[in-house]
Amino acid sequence: MGVTYENKRAYFEVIRRRYDDYVALYREINGGSLEGVAPFDEFYWHLMYYSKYSNANPNDLRR
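Residues numbered from 1 in each chain as written. Predicted model: local features only at pLDDT ≥ 70, side-chain atom pairs only at ≥ 80, totals over all residues. Heavy atoms only, no water.

Chemist: So what about the pattern of salt bridges? Which residues, and what values?
Modeler: Enumeration according to the criterion identifies two salt bridges in this entry. Residue arginine 16 pairs with glutamate 13 through a salt bridge whose shortest N-O separation is 3.0 Å. You can see arginine 16 and its partner glutamate 13 sitting in helix α1 (residues 2-29), three residues apart, about one turn around the helix. You can call arginine 16 partly exposed: its relative accessible area is 33%. Measuring nitrogen to oxygen at the nearest pair gives 2.9 Å for the salt bridge that ties arginine 16 to aspartate 20. Here arginine 16 pairs with aspartate 20, and both are found in helix α1, just four residues apart, close to one helical turn. With a relative accessible area of 37%, aspartate 20 lands in the partly exposed category. A cluster of three or more residues bridged by salt bridges with shared partners is formed by Glu13, Arg16 and Asp20. (Salt bridge = Lys/Arg side-chain N within 4 Å of Asp/Glu carboxyl O. Helix = DSSP H or I, 4+ residues; strand = E, 2+ residues; numbered from the N terminus. Buried < 20%, exposed > 50% of the residue type's maximum accessible area, 1.4 Å probe, protein only.)

Structure follows, in structure tokens:
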């Protein structure tokens, strides 16, 4: 059971780093502003569930 948790935790850390990269890029593109940046929970949901279980256009990143 511990191995499963460790694997999931390691993957969560990868997602967290991707979010940090997303926020840094968003800030750079928007002149330092974070207004409108997706919160982590929305980012995680889109990455883990929406993109896997939705029949939506993969280019549609926002609802």
